[in-house]
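Structure at a glance
Spelled out from the first residue to the last, the chains are:
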Amino acid sequence: MRHLIDPADFTLDETLRLMDLADRIHDDPAAYKDVAYRKRLATLFYEPSTRTRLSFEAAMLNLGGQVLGFPDAGVSSASKGETVADTIRIISCYADIAAMRHPKEGAPLRAARYSRIPVINAGDGGHSHPTQTLLDMMTIRRRKGRLDNLTIGFCGDLKFGRTVHSLIKSLSRLPGMRFVLISPEELRVPDYIISEVLAPNGIDYVETRNLEESLPELDILYMTRVQQERFFNEEDYIRLKNSYILTKEKLSLAPADMAVLHPLPRVNEITLDVDDDPRAAYFEQAQNGVYMRMALIMTLLGLADPKTGEVAFDVNG
Amino acid sequence: MRHLIDPADFTLDETLRLMDLADRIHDDPAAYKDVAYRKRLATLFYEPSTRTRLSFEAAMLNLGGQVLGFPDAGVSSASKGETVADTIRIISCYADIAAMRHPKEGAPLRAARYSRIPVINAGDGGHSHPTQTLLDMMTIRRRKGRLDNLTIGFCGDLKFGRTVHSLIKSLSRLPGMRFVLISPEELRVPDYIISEVLAPNGIDYVETRNLEESLPELDILYMTRVQQERFFNEEDYIRLKNSYILTKEKLSLAPADMAVLHPLPRVNEITLDVDDDPRAAYFEQAQNGVYMRMALIMTLLGLADPKTGEVAFDVNG
Amino acid sequence: MRHLIDPADFTLDETLRLMDLADRIHDDPAAYKDVAYRKRLATLFYEPSTRTRLSFEAAMLNLGGQVLGFPDAGVSSASKGETVADTIRIISCYADIAAMRHPKEGAPLRAARYSRIPVINAGDGGHSHPTQTLLDMMTIRRRKGRLDNLTIGFCGDLKFGRTVHSLIKSLSRLPGMRFVLISPEELRVPDYIISEVLAPNGIDYVETRNLEESLPELDILYMTRVQQERFFNEEDYIRLKNSYILTKEKLSLAPADMAVLHPLPRVNEITLDVDDDPRAAYFEQAQNGVYMRMALIMTLLGLADPKTGEVAFDVNG
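Residues numbered from 1 in each chain as written. Chains lettered and ligands numbered in written order. Predicted model: local features only at pLDDT ≥ 70, side-chain atom pairs only at ≥ 80, totals over all residues. Heavy atoms only, no water.

For chain A, the name recorded in an unreviewed UniProt entry is Aspartate carbamoyltransferase, with Subdoligranulum variabile DSM 15176 as its organism. UniProt, in the comment section headed Sequence similarities (unreviewed entry), describes chain A in these words: "Belongs to the aspartate/ornithine carbamoyltransferase superfamily. ATCase family." Recorded in UniProt under Subunit (unreviewed entry), the annotation for chain A is "Heterododecamer (2C3:3R2) of six catalytic PyrB chains organized as two trimers (C3), and six regulatory PyrI chains organized as three dimers (R2)." (UniProt positions renumbered as here; feature names shortened; annotations may be inferred.)

Some words on the relation of the copies chain C and chain B
When chain C is fitted onto chain B, the two copies agree to an RMSD of 0.0 Å after a turn of 120° and an axial shift of 0.0 Å. Accordingly, the operation relating the two chain copies is best matched by a three-fold axis. (Least-squares fit on C-alpha atoms with pLDDT ≥ 70 in both.)

A look at the pattern of salt bridges
A complete count under the given rule lists 80 salt bridges over all chains for this structure. With a shortest N-O distance of 2.5 Å, arginine 38 of chain C and aspartate 34 of chain B are connected by a salt bridge. Taken together, the residues span two chains, with arginine 38 of chain C in the loop between α1 (12-27) and β1 (40-45) and aspartate 34 of chain B in the loop between α1 (12-27) and β1 (40-45). Residue aspartate 34 of chain B is classed as partly exposed on the basis of its relative accessible area of 38%. Linking glutamate 47 of chain B and arginine 101 of chain B is a salt bridge whose minimum nitrogen-to-oxygen distance equals 3.6 Å. (Salt bridge = Lys/Arg side-chain N within 4 Å of Asp/Glu carboxyl O. Helix = DSSP H or I, 4+ residues; strand = E, 2+ residues; numbered from the N terminus. Buried < 20%, exposed > 50% of the residue type's maximum accessible area, 1.4 Å probe, protein only.)

So, the interface of chain C and chain B
Between chain C and chain B, the residue contacts involve 22 residues of the former and 28 residues of the latter. Taking both partners together, chain C and chain B bury about 2200 Å²; carbon and sulfur atoms supply 52% of that area. The interface formed by chain C and chain B includes 4 salt bridges. Connecting chain C to chain B are 8 residue pairs in polar contact (both at pLDDT 80 or more). Those elements that place two or more of their residues in the side of chain C that touches chain B are β2 (66-70) and α3 (84-91) of chain C. At 5 residues, β2 of chain C tops the list of elements feeding residues into the side of chain C that touches chain B. Taken together, the residues of the side of chain C that touches chain B break down into 8 nonpolar, 6 polar and 8 charged. (Contact = heavy atoms within 4.5 Å. Buried area = accessible area lost by both parts, 1.4 Å probe. Polar contact = N/O pair within 3.5 Å; in protein donor to acceptor, adjacent residues only side chain to side chain. Nonpolar A, V, L, I, M, F, W, Y, C, P; charged D, E, K, R; others polar.)

Comments concerning the interface of chain B and chain A
Each side of the interface is counted separately: chain B has 22 residues, and chain A has 28 residues. Where chain B touches chain A, the interface holds 8 residue pairs in polar contact (both at pLDDT 80 or more). Elements represented by at least two residues in the side of chain B that touches chain A include exactly β2 (66-70) and α3 (84-91) of chain B. The element that contributes the greatest number of residues to the side of chain B that touches chain A is β2 of chain B, accounting for 5 residues.

Here's the deal with the sheet that holds β2 of chain B
Residues and elements named next belong to chain B. Reading across from one edge, β2-β1-β3-β4 is the order of the 4 strands in this open sheet, with parallel pairing throughout. In this open sheet, the two strands that pair with only one neighbour each are β2 and β4 (119-124). Taking the axes of each pair of neighbouring strands and ignoring which way they run, one obtains an average angle of 15° across the sheet. Pairing between β1 and strand β3 (residues 97-102): 5 bridges, direction parallel. Bridging across to β3, leucine 41 finds its partner in isoleucine 97. (Pairing = 2+ DSSP bridges. Axes fitted to C-alpha atoms, helices over the stretch in contact; angles between N-to-C directions.)

Re the sheet that holds strand β9 (residues 259-261) of chain A
Residues and elements named next belong to chain A. In spatial order, the strands read β7-β6-β5-β8-β9; together these 5 strands make up an open sheet with parallel pairing. In this open sheet, the two edge strands, each paired with only one partner strand, are β7 (204-208) and β9. Within this sheet the neighbouring strands show an average axis-to-axis angle of 15°, counted without direction. Direction of pairing for strand β6 (residues 178-182) relative to β7: parallel, over a ladder of 5 bridges. Counterpart to leucine 181 in the pairing with β7 is glutamate 207.

Describing the domain arrangement of chain A
Residues and elements named next belong to chain A. You can read the domains of chain A as domain 1 (12-128 + 285-301) and domain 2 (131-282). Centre-to-centre, using C-alpha coordinates, domain 1 lies 27 Å away from domain 2. Contact residues are listed per partner, giving 28 residues for domain 1 and 23 residues for domain 2. Together domain 1 and domain 2 conceal approximately 2100 Å² of surface at their shared face, both sides included; 53% is due to carbon and sulfur atoms. Together, Leu12, Met19 and Gln285 form the three largest contributors to the area buried by domain 1 at its contact with domain 2, with a combined 34%. Applying the counting rule to domain 1 against domain 2 returns 4 salt bridges. Put simply, aspartate 23 and arginine 141 hold a salt bridge, and the shortest N to O gap is 3.0 Å. Counting only elements with at least two residues in the side of domain 1 that touches domain 2, the list comes to α1 (12-27), α2 (50-62), β4 (119-124) and α11 (282-300). (Domains from an automatic or database assignment.)

In structure tokens:
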């Protein structure tokens, strides 16, 4: 039995096969509408995340399956002091697969050890959020037609954003990647990303403070939110924040076939006039997320693709 | 694509057709059990309202459809500062139709502008609650056999009760209506209802402080709750509150074929001994609400009535 | 129409027939997957209890049915002052059967009086939790092959634990039972259990402070949690608590075919090294709970067993 706790739990080959399946689902969702008939997903959200929870639930319902669970810790047995180990053993009696969101790093991993059903990490603290990484990669590949030899800009809070770290790690397994890391000094990527991920893989990268100068060379621009509370003083925040807001005007500096991604929710880091630009791919990401999660659920349940008769990859591999 | 944000979004003719469909569903619910098979309703409740949410969910399940969503803002992305515009664009990836409850006036309207799926206003602040109005009208018509030439009493808090304002507006589109507005001085209907709704439509109405004197002439009595916090001082509240409580004794003054409606939840404004009186129609309203919402969902999704082969009205009209 | 508010609502014969049905479901769950097709369960949880709520929901989904409801009072109309009597009359318009959890004793009983659909008490305050009792009895019978002539130890908090009181009452209807009541002085079973349940039924029992000495003679050990707040002073708690924790070491004193039950959630009263012992039956209990609730829902809805063509017992009896 396989779980998905960290993006690296899947080999590059497995990841690509999963994306192939997600692409086939994207192109013909109706063909998958009964694939998981009578299978059941438990959504165990120890902290609320509407978008992620509903995306998993929509994915399971799209496959003909069922859903149960809880949307936040307040309505779970956690308040009575139960461990995730005990909870997942009980949930194993109620469902066939589980998606767990937890404020504490490592909780989904611990759950997986005791579980009789596959566990998907739907985000654990600042640690990992592997389905976000997978849907980001799927969106990049669909937009650019490939997952190699791309120049990808990451803009905003590169220090605390787990989606950025996760995506950088995963993309570093692919050939010919170049990263442009655009952030204020205070929010640079952590040193370990450079010393343990970029350097050992021989990845070409550049750090910069300037979004506008970087735009012309990007294939992908991955935006993130710059939160005021990350700054030492308000003055710095006010001085810097506009530099990391993408506007229609700045976007005019970017190539016509660049794609703008954002993990959402957005607050104000992309202005509304960008939404109608064909380069805006962030709502597309949300749609791709449903297809990717359908592919993942199918794969972890060992269900065959009705179009090819094959499973994405051997879960006992 | 049509939405339902305000009762006036539907013409009188459209409203009547919707009620006709709800009546047909009422008479043979089983005929509609697969009409929305695999269609999905999102219930987006930014403030809790069990009755309304479960009524929508029951309606969708009765049609063979599916449901997902959130029951209050605490478990939604709103807490992360996301706009309803962004939320509905994401929800459009997960569902085929949405019902939104929001404490802020105009939020469902704003959502509708950005949505790729039909949006139903399930109550926005003190503003509008159109499905309540529709189920009230349906209940009146079923009880009296017509929606014209009726004397309708509204009793209690006529100042703040949005359901009353909404229903007065909608009924004012019909011929021969007469309204008896029964309330304490402090809770009279707002002036704009008289100057902008009743007067221009030439509606016959009377304002009174006295429920008992009004009862003998009523076809319908629409009760509402009188909340203590609406009064300037406790003395006035205590002096007045009993005047606006419907008891079995007072009900003896009313015609035998009068019907008592109430939007619920009731606290104490109708005593329990009234519940078994055949004139009590307030639990019937709740049942009618499910059928009306089934009719509405069918209509906004453009689904045909399996019994007539027709859609209630052209959503592209 | 029958409800289940207290375990004694069912005769001993009815209880045994219900357990027979639950056993048949246990042995071939797939045979029951469409039994309640299009029937709907409402889960009305005025206080959160994930385990119990999800167990009911899993049971209904396993039968091919549907589910709606609310997971805590904060998202229900109770906050607007609605009575359970009014709520259940509305819910009767939305669902075919209801499971209600309520912090106030007697709330499910009151709901049942006004309901048009069967009501199951899913726990009301410290009062009753009949489905827990049923699944405990089912687990005992499955483990020991009989429900008579057994020596059953209850260990821990025997004063406040409603599951213990309920189970003692139900088992006292069976012949040849012997109870070993193991608790600190402060947490002895209430006097009424002895004077009104054990004595009148001529039940053989012994009260003791010592778990280790009792273990060798037990067929069943029913563990419960000892909460610090139950003690007058911390000193007593610290001195005593370890005596009522079951460890692998203590378990070595017990017969090889003894079974350890626990209503869960567990905090630390059974150490983790006991989990893998074949005598540990507490996760099995959770699984049995789903089958027992399937049997109960079928019975209260009057649905026939597809394998025998019979209903468990006549609900109009």
